[in-house]
Amino acid sequence: MAAYMIVFCKIKDRERFVAEYAVPTAKLIAKMGGEYVVRAPKLTCLEGDVDESTSVVISKWASRADLDAMWNSAEYAQLKEIRRGSSEAQIVVT
């Protein structure tokens with residue numbers, strides 16, 4: 001069964017975020033079998049209280065095990081630290 005990772009991200013340092021996190025993370029996701037469904041630099045809030053400058057990324061995985069393998073990989077551990085230093089994110093999986 002497919003699994004999805006949904007990321008809501010407020011980017012503090014866009015130049016660093018893109019160069020050091022987004023580009024290598026995209027390569028890692030492709031390498032580990034994931035695919036992007038949505039990569040949007042901002043959103044439109046129709047209801048509720050969400051900052052519209054928030055970026056949204058949704059990736060699709062063949063299984064939760066595949067998603068977890070990427071999330072727990074040594075390669076992604078390094079990228080997580082860069083993400084944490086250049087943004088604030090909420091990340092959920094289904």
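Further up the page is the structure itself.
Everything quoted here is computed from the prediction, not taken from an experiment.

Peer 1: For this particular structure, what's the right way to read the environment of Ser55?
Peer 2: Position of Ser55 relative to the elements: it lies in strand E3 (residues 55-61). Judged by relative accessible area, Ser55 falls into the buried class, the value being 7%. With residues up to four places along the chain from it excluded, the contact list for Ser55 reads Val7, Phe8, Cys9, Ile11, Arg14, Ala40, Pro41 and Lys42. Side-chain polar atoms of Ser55 contact the backbone oxygen of Pro41, separated by 3.0 Å.

Peer 1: Would you explain the sheet that holds strand E4 (residues 87-93) in this entry?
Peer 2: Within a beta sheet, neighbouring strands are joined by backbone hydrogen bonds and run either parallel or antiparallel to one another. With antiparallel pairing, four strands are arranged side by side in an open sheet as E2-E3-E1-E4. Edge positions in the open sheet fall to strand E2 (35-40) and E4, since each of these has one partner strand only. Ignoring strand direction, the axes of neighbouring strands in this sheet form an average angle of 15°. Two elements, strand E1 (residues 3-11) and E3, share seven bridges in a ladder whose sense is antiparallel. Within the sheet, the bridge partner assigned to Tyr4 lies in E3 and is Lys60. The strands touched by helix H2 (residues 64-71) are E1, E3 and E4; relative to E1, the strand with the most contacts, the crossing angle is about 40°. Seen against the sheet, helix H3 (residues 74-86) touches E1 and E4 and runs at an angle of roughly 125° to E4.

Reading the values: rules and limits
Residues numbered from 1 in each chain as written. Predicted model: local features only at pLDDT ≥ 70, side-chain atom pairs only at ≥ 80, totals over all residues. Heavy atoms only, no water. Helix = DSSP H or I, 4+ residues; strand = E, 2+ residues; numbered from the N terminus. Buried < 20%, exposed > 50% of the residue type's maximum accessible area, 1.4 Å probe, protein only. Contact = heavy atoms within 4.5 Å. Polar contact = N/O pair within 3.5 Å; in protein donor to acceptor, adjacent residues only side chain to side chain. Pairing = 2+ DSSP bridges. Axes fitted to C-alpha atoms, helices over the stretch in contact; angles between N-to-C directions.

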